[in-house]
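Commentary on secondary and tertiary structure
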Amino acid sequence: MIRLTDITSQLLTYHPKADTMLVEKAYVYSAKVHQGQVRLSGMPYLSHPLEVAFILTQMKMDVVSVVAGLLHDTVEDTDTEISEIERLFGKETANVVDGVTKISMIHFSSSEERQAENMRKMILAMTTDIRVIMVKLADRLHNMRTLGFHPPDKQISISQETLDIFSPLASRMGIYWLKSSFEDLCLYYLEPEIYNQITAGIADRRGAREKFIKEVRELLDRKMEEYELNATIKGRHKHIHSIYMKMKDQNLTVHQVYDLLAFRMIVSTLKDCYEVLGIIHSMWKPIPGRFKDYISLPKENMYQSLHTTVLGPYGHRMEVQIRTWEMDRIAEEGIAAHWKYKEGTSNGSDIQQFSWLTKLLEWQKNLKDPQEFMEMVQMDLFPNDVYVFTPKGDVKEFPKGATPIDFAYSIHSDIGEKCSGAKVNGKMVPLRYQMQNGDIVSILTSKRQHPHKDWLGFVKTPRAKSRIRQWVKEQEREESISIGRNLLEKALEHAQLELSNIVNNKQILAIARDLSLNSIEDLFANIGYGKVSARQVITRLKPQLGVERDRSEGLVSRMVSRLTRKKSARGVKVKGLDDMLVRFANCCHPLPGERVIGFITRGRGVSIHKTGCRHILDADKDRLVDVIWDPSDEDLFFARIKITSIEKKGVLAGISSVISQKNANIIQADVRTTTDKKGITFFTLEVEGYKQLEGIISAVKRVKGVLLVERVAP
């Protein structure tokens, strides 16, 4: 069992000025409140917080994290109040303990990929301090190490939850040893037969592999000496879970997996990394498509390294990773490795290698407090979305500020239209209530309830806004039809014209079509809206009924009444020209939000192009006109994107799901496969504008398996 001295000694190795007195105080308090409690293993419960605190020192976490590790179960499993933790150990520690407690209360009901991703996002969004996640990861690691004392069904559910939620979180924090530990432990419980096959297979060939590792290291040492390069060379077996994934993806047995070995070469400078890569490729033939440059393009969690796979001695495949010492520290310690930058111990050239970190340092150049650094990281790391639960435990994602009405419309339009109230966490809330991360939301409906126009003032999602506007517009149309019919009837009466049935009158229908309207109802609606006057209808109706036209009607009026114009394209206005025929150019298909210009064509009105469109760069400047966007809330536009992805099951479904979540309609999808096993998919989408399209492209780029996303001409 870990002792207190193990924790304090480890803490002082990387934080010599650490307040060990506070750690000792937390140990004494934890021992007191957990007294008499035991774990399933029969060990005193105190053994668990001690192990968690020690794991946190292995992660090189600060004093607050270690203290929170000792106290993380006190609120959940004892009579301790969070206010007492704050009084005894400070607000920071109390906030971390409170955050860990809240995450522990979340029920992970689904292992579906989308739900798991939403759950991870929700944990990030709920967390006001990254140290909450670090303590929770340490807690989960020790629980996985002692999982064998649980019944089999519990072992499976906890392992699946760890694989779905906590292993990816460890990866996001950049702590790869922790991610690998999670994955290997999960495989042990989820696929025990395969786990045993792999470990037995590794054991069978261990002697030969140890000899192989020694030979490769000696070869590399001699080569580095020849080029006068200082490099530390490490050889290891790949993790069991990574071998399992290769077996699964390529349908191999453990004896058919040859690249079980990985070598890591750690050098002093960035220049040395690329020089060593060249030497490796001169020694052994590289495998095409297996080179990754994470130095030029670091991962989001700041991981940097060169990865290559080569055919080594005896034709064995082996992976080689090349990185500097600083990069290796980042890969081992993750986000905690950057705390030292805030203490002024780094040099500027190293910092410049990490663009993500550099951005944070530009915001706050003189921070020395790790807490302030954590706050800055959170601003860049956590999404601006809210994650809430349905009553069944599914997670739904909304923009910040979204309300129960947005939630209702996300379920079904009928639910949204009949939404009369909402309960959040079992309590009634106003429909204007802004949902918070972790809320459990349920909707109350009534047959007598209908959408209100003022809902548009506070709903956030495009789906809710569109449905409400559509309902309001339909209601306004019905009112306008009624008003327009009454106005026309009165005008007919005033003109002393009698029609037997105004609703089905053929002459009225002809006038409607003459005005480019489809039906008599459309005519009534336009009269009600004020777009067409009842007088215009009477003027056109009189000649059909054999009534002499008023002489007061001038030549210009008669000419205008005979003109029929096509409807202009919606969404734009031509400056200085009213009622012009407008159409969008097929060559560039501009979207609201992009800079546009108009070109006056011969006989086809004004053609709208993006300002940089090649078709108008050499056009007659005298025929160019300024145009502005003026889309209505109902206007939708077409856009086409090309997605290059790995040909793998589930990728296309993931892409479609993301597009749907961004509230865009897929009009057409064209899927092709290339000879090099890549999928090329063309999506034609219906979008509100350029900003929505940008959001879709950005989201699709983050789908696992997607290689490239680009907008193309429809």
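Another aspect to go through is the overall build of the chain. Broken down by element type, the chain carries 29 helices and 21 strands. Nonlocal contacts in the chain, meaning residues at least 24 apart in sequence, comprise 65% of its contacts between residues at least 6 apart.

Taken together, the side chains of Ile-646, Leu-707 and Leu-708 define a hydrophobic patch exposed on the protein surface, amounting to about 260 Å² of accessible area. Leu-708 sits in the partly exposed class, given a relative accessible area of 42%.

Moving on, we come to the packing of aromatic side chains. Summed over the entire model, instances satisfying the criterion amount to ten aromatic pairs. A centroid spacing of 5.1 Å and a plane angle of 65 degrees characterise the contact between Tyr-176 and Tyr-303, whose relative ring orientation is edge-to-face. With Tyr-176 in helix H11 (residues 176-190) and Tyr-303 in the loop between strand E4 (292-293) and strand E5 (306-311), this pair connects stretches of sequence that are 127 residues apart. Ring centres of Phe-584 and Trp-629 lie 5.9 Å apart, and the angle between their planes is 20 degrees; this geometry places the pair in the stacked category. Here the residue Phe-584 occupies a position in strand E13 (residues 582-584), and Trp-629 occupies one in strand E17 (residues 627-630), the gap between them amounting to 45 residues. Pair check on accessibility: Phe-584 and Trp-629 agree, each one buried. Taken together, the aromatic side chains of Tyr-176, Tyr-294 and Tyr-303 make up a single cluster linked through ring pairs. One Lys or Arg, Arg-39, reaches over the ring of Tyr-45 and ends 5.9 Å from the middle of that ring.

In this structure, Thr-78 sits in the loop between helix H5 (74-77) and helix H6 (82-89). Given a relative accessible area of 15%, Thr-78 falls into the buried group. A polar contact is formed between the side chain of Thr-78 and the backbone oxygen of Thr-74, at a distance of 2.3 Å. A polar atom in the side chain of Thr-78 sits 2.8 Å from the side chain of Thr-80. Setting aside residues no more than four positions away along its own chain, Thr-78 makes contact with Val-33, His-34, Gln-37 and Asp-73.

Now for the packing of helix H1 (residues 4-14) against helix H2 (residues 20-33). In the contact formed by H1 and H2, the axes pass within 11 Å of each other and the chain directions differ by 155 degrees. Classified by the angle between their axes, H1 and H2 sit roughly antiparallel to one another. Pair H1 / H2 crosses with right-handed handedness. Counting all contacts with H1, which are made through Leu-4, Ile-7, Thr-8, Leu-11 and Leu-12, the residues of H2 involved are Thr-20, Val-23, Glu-24 and Tyr-27.

It is worth spelling out the environment of Ser-519 at this point. Relative to the helices and strands, Ser-519 resides in the loop between helix H23 (506-514) and helix H24 (520-529). Measuring from C-alpha to C-alpha, the distance between Ser-519 and Ile-508 comes to 9.1 Å, with eleven residues separating the pair along the chain. When near neighbours in sequence (up to four residues on either side) are disregarded, Ser-519 contacts Leu-509 and Ala-512.

Once that is clear, we can look at H1. Taken together, the buried positions of H1 are occupied by Leu-4, Ile-7, Thr-8 and Leu-11. Seen end-on, H1 carries its buried residues on one side only, within an arc spanning 90 degrees. At its buried positions, H1 is contacted by H2, helix H3 (47-58) and helix H4 (63-71).

A separate point is a negative patch on the surface. A cluster of acidic residues, Glu-474, Glu-478, Glu-479 and Glu-521, forms a negative patch at the surface. By residue number, the principal contributor to the negative patch is helix H22 (residues 462-494), which donates three residues. Tracing the backbone shows Glu-521 in helix H24. By relative accessible area, Glu-521 is classed as partly exposed at 47%.

So, on to the packing of helix H7 (residues 91-104) against helix H9 (residues 130-145). Where H7 meets H9, the closest approach of the two axes is 9 Å, and the angle between their N-to-C directions is 55 degrees. If you check the angle between H7 and H9, you find them oblique. The hand of the H7/H9 crossing is right-handed. Listed contacts from H9 to Glu-92, Asn-95, Val-96, Gly-99, Val-100, Ile-103 and Ser-104 of H7 are Arg-131, Val-132, Val-135 and Lys-136.

A complete count under the given rule lists 15 salt bridges for this structure. Where Glu-275 meets Lys-271, a salt bridge forms, and the shortest distance between an N and an O atom there is 3.4 Å. Pair noted here: Glu-275 and Lys-271 are both in helix H15 (residues 270-283), with a separation of four residues, about one helical turn. Notably, a salt bridge pairs Arg-540 with Asp-514, separated by 2.2 Å at the nearest N-O pair.

Attention shifts here to the nonpolar core. Counting 53 residues, the largest nonpolar core has Ile-7, Val-23, Leu-56, Met-59 and Leu-137 as the members making the most contacts within it. Per element, the largest residue contribution to this core is nine residues, and it comes from H9. The contacts of Ile-7, once residues within four sequence positions are left out, are Ile-2, Val-23, Leu-50, Ala-53, Phe-54, Thr-57, Val-66 and Leu-70. Formed by 31 residues, the second largest nonpolar core is a distinct cluster that contains Val-625, Ile-659, Leu-693 and Val-703.

Extensive coverage of strand E7 (residues 385-389) is indicated by the burial of five of its five residues. Burial along E7 is two-sided: Asp-385, Tyr-387 and Phe-389 facing one way and Val-386 and Val-388 facing the other are all buried. Taken together, the five bridges between E7 and strand E8 (residues 395-399) define a ladder with antiparallel strand orientation. Among the inter-strand pairings, Asp-385 is bridged to a residue of E8, identified as Pro-399. Linkage of E7 to E8, two consecutive antiparallel strands, is achieved through a turn of five residues, within which Gly-393 is found at a positive phi near 100 degrees.

For Glu-326, the location among the structural elements is in helix H16 (residues 325-333). Reaching out from Glu-326, the side chain makes a polar contact with the side chain of Arg-329 at a distance of 2.8 Å.

Strand order in the open sheet formed by four strands is E13-E15-E14-E16, with mixed pairing between adjacent strands. Both outer strands of the open sheet, E13 and strand E16 (624-625), are each paired with one neighbouring strand and no more.

Turning our attention to H3. End to end, H3 covers 17 Å across twelve residues, agreeing with the expected 16 Å (1.5 Å per residue, within 8%). For H3, the elements touching its buried residues are H1, H2, H4, H9 and H11. Downstream of H3 by a residue or two, Lys-60 has a phi angle that is positive, lying close to 65 degrees.

Criteria and thresholds
- Residues numbered from 1 in each chain as written.
- Predicted model: local features only at pLDDT ≥ 70, side-chain atom pairs only at ≥ 80, totals over all residues.
- Heavy atoms only, no water.
- Helix = DSSP H or I, 4+ residues; strand = E, 2+ residues; numbered from the N terminus.
- Contact = heavy atoms within 4.5 Å.
- Patch = residues over 30% accessible without salt bridge, like charges linked within 9 Å, V, L, I, M, F, W, Y side chains within 5 Å.
- Areas by Shrake-Rupley, 256 points an atom, 1.4 Å probe, with all protein chains shown as cover.
- Salt bridge = Lys/Arg side-chain N within 4 Å of Asp/Glu carboxyl O.
- Buried < 20%, exposed > 50% of the residue type's maximum accessible area, 1.4 Å probe, protein only.
- Phe/Tyr/Trp six-rings, centres within 6.5 Å; stacked < 30°, edge-to-face > 60°.
- Lys NZ or Arg CZ within 6 Å of the ring centre and 35° of its normal.
- Polar contact = N/O pair within 3.5 Å; in protein donor to acceptor, adjacent residues only side chain to side chain.
- Axes fitted to C-alpha atoms, helices over the stretch in contact; angles between N-to-C directions.
- Parallel < 35°, antiparallel > 145°, perpendicular 65-115°, else oblique.
- Left-handed = near helix turned anticlockwise from the far one by under 90°.
- Arc of directions from axis to C-beta.
- Lys, Arg positive; Asp, Glu negative; His and termini not counted.
- Charge placed at Lys NZ, Arg CZ, Asp CG, Glu CD.
- Core = buried A, V, L, I, M, F, W, Y, C linked by side-chain atoms within 4.5 Å.
- Pairing = 2+ DSSP bridges.
- Expected span 1.5 Å × (residues − 1).

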